[in-house]
Amino acid sequence: MARIKPQALLIQSKKKKVPSRISATTIVICTSIVALIILLFTTYRHWSRRSRDQTGTAQSVFEDTNAFIDSKKYDIPGYAILNTSKGPVVVKLFKDGSPHIVDKFIDLCQKGHFKGMPFDHVIKNYVIHGGNSEGLGAAEDWTSKGKLHGQLATSPKHEAFMLGTSKTGDKKVFELYITTAPIPDLTDKLLVFGRVIKGEDVVQEIEEVDTDEHYQPKSPIGIINVTLKREV
């Protein structure tokens, strides 16, 4: 075999193909794609975690709000003890049925509004009233109502031993009425917000006091103070 001269070998090596190089543009494009994928994945994880946190926070706030409302409702006194000059009268307040009136009553109790309030009208077998000497209006009108109440159908809302206040009275004076018999004829005038559950005998004793021709007690009688209780 003939030997190849060095010059020929040099020429052949030059003719061999050199591996092609990756262009800079291709590298930049690939790098950008990878960076974009990483950015999208990171952003997705961030917003996914934030969405879960916000949902949990909203639920926590909702639960805390409900707990606050329930706690506030629980804290509202459910009973009032009217300490009268004849003895205590325990009243269950209608917190659910008459919340606005109960709130006002409680607020006035805490301000001492009923301390020393006299019962200025007592109509036997009808109603005991306190808070405003003019609250009953003409005595003749109430006398006729007292005579007629036995002829009217009874109303569960206005049974005996109910605590209420006037619908049409002076807004500056919170009057108190304790019924001693069913009085359905006062449905449009009386807002009932409680029921006597203990001390009915005290109410009956007050009902028996001597009164003048205007149904005003001849001897002072009334509420000494009011004590609020959550339970009795």
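Residues numbered from 1 in each chain as written. Predicted model: local features only at pLDDT ≥ 70, side-chain atom pairs only at ≥ 80, totals over all residues. Heavy atoms only, no water.

**Quick word on the sheet that holds strand β6 (residues 176-179)**
No. 1: In spatial order, the strands read β3-β4-β6-β5-β7-β2-β1-β8; together these eight strands make up an open sheet with antiparallel pairing. Strands at the two margins of the open sheet, each flanked by one partner only, are β3 (119-123) and β8 (223-229). Each strand axis lies, on average, 25° off the axis of its neighbour in the sheet, ignoring direction.
No. 2: Across two bridges, the pairing between strand β5 (residues 162-166) and β6 is antiparallel. Across the sheet, the residue bridging to L163 is I178, located in β6.
No. 3: Taken strand by strand, helix α3 (residues 99-110) contacts β1 (79-84), β2 (87-93), β5, β6, β7 (190-198) and β8, and its axis lies near 120° from that of β8. (Pairing = 2+ DSSP bridges. Helix = DSSP H or I, 4+ residues; strand = E, 2+ residues; numbered from the N terminus. Axes fitted to C-alpha atoms, helices over the stretch in contact; angles between N-to-C directions. Contact = heavy atoms within 4.5 Å.)

**With respect to the confidence of the model for the protein chain**
No. 1: Per-residue pLDDT for the protein chain averages 77, and the proportion of residues at 70 or more is 65%.
No. 2: In the model, residues 67-71 has pLDDT below 50 throughout and makes zero contacts with residues more than four positions away in sequence or in other chains. (pLDDT = per-residue confidence, 0-100.)

**Digging into the pairing of β6**
No. 1: Here β6 shows a buried face lined by L176 and I178 and a second buried face lined by Y177 and T179.
No. 2: Direction of pairing for strand β4 (residues 127-130) relative to β6: antiparallel, over a ladder of four bridges. Bridge assignment links V127 to a residue of β6, and that residue is T179. (Buried < 20%, exposed > 50% of the residue type's maximum accessible area, 1.4 Å probe, protein only.)

**Focus: helix α5 (residues 200-207)**
No. 1: Within α5, the full set of buried residues consists of V202, V203, I206 and E207. Angular distribution of buried residues about the axis of α5 spans 145°; they occupy a single face of the element. (Arc of directions from axis to C-beta.)

**Some details on a nonpolar patch on the surface**
No. 1: On the surface, I29, I33 and I37 cluster together into a nonpolar patch covering about 290 Å² of accessible area.
No. 2: In this fold, I33 is placed in helix α2 (residues 24-75). (Patch = residues over 30% accessible without salt bridge, like charges linked within 9 Å, V, L, I, M, F, W, Y side chains within 5 Å. Areas by Shrake-Rupley, 256 points an atom, 1.4 Å probe, with all protein chains shown as cover. Salt bridge = Lys/Arg side-chain N within 4 Å of Asp/Glu carboxyl O.)

**Observations regarding unusual backbone geometry**
Comment: phi is negative for the bulk of residues other than glycine, and the bulk of peptide bonds are trans.
No. 1: In this structure, N125 is a non-glycine residue whose phi angle is positive, near 60°.
No. 2: Mapping N125 onto the fold places it in the loop between β3 and β4.
No. 3: Here Y215, not a glycine, exhibits a phi torsion of approximately 65°, which is positive.
No. 4: Note on placement: Y215 falls in the loop between α5 and β8.

**Some remarks on the packing of aromatic side chains**
No. 1: Counted by the stated rule, this structure contains five aromatic pairs.
No. 2: Relative to F193, the ring of F105 has its centre 5.1 Å away and its plane inclined at 50°; by these criteria the two rings are tilted. One end of the pair, F105, is in helix α3; the other, F193, is in strand β7, with 88 residues separating them in the sequence.
No. 3: Taking the relative accessible area as the measure of exposure, F105 reaches 0% and is therefore buried.
No. 4: When its relative accessible area of 0% is taken as the criterion, F193 is described as buried.
No. 5: Taken together, the ring pairs connect F105, F114, F174 and F193 into an aromatic cluster. (Phe/Tyr/Trp six-rings, centres within 6.5 Å; stacked < 30°, edge-to-face > 60°.)

**Quick word on the environment of F94**
No. 1: Looking at where F94 falls in the secondary structure, it is placed in the loop between β2 and α3.
No. 2: Between the C-alpha atom of F94 and that of R195, which follows or precedes it by 101 residues, the distance is 8.0 Å.
No. 3: Among all residues touching F94, those that are not within four sequence positions of it are P99, V102, M162, V192, F193, G194 and R195.

**Quick word on the nonpolar core**
No. 1: Ranked by internal contacts, the top residues of the largest apolar core, which has 30 residues, are L93, F105, F114, F174, L176, F193 and V226.
No. 2: Only β1, β2, α3, β3, β6, β7, α5 and β8 provide two or more residues apiece to this core.
No. 3: Per-element tally for this core: the top contributor is α3, with six residues.
No. 4: Setting aside its immediate chain neighbours within four residues, F174 contacts I101, K104, F105, L108, H113, F114, M117, T165 and F193.
No. 5: Grouped together as the second largest cluster of nonpolar side chains are eight residues, I123, Y126, V127 and L190 included. (Core = buried A, V, L, I, M, F, W, Y, C linked by side-chain atoms within 4.5 Å.)

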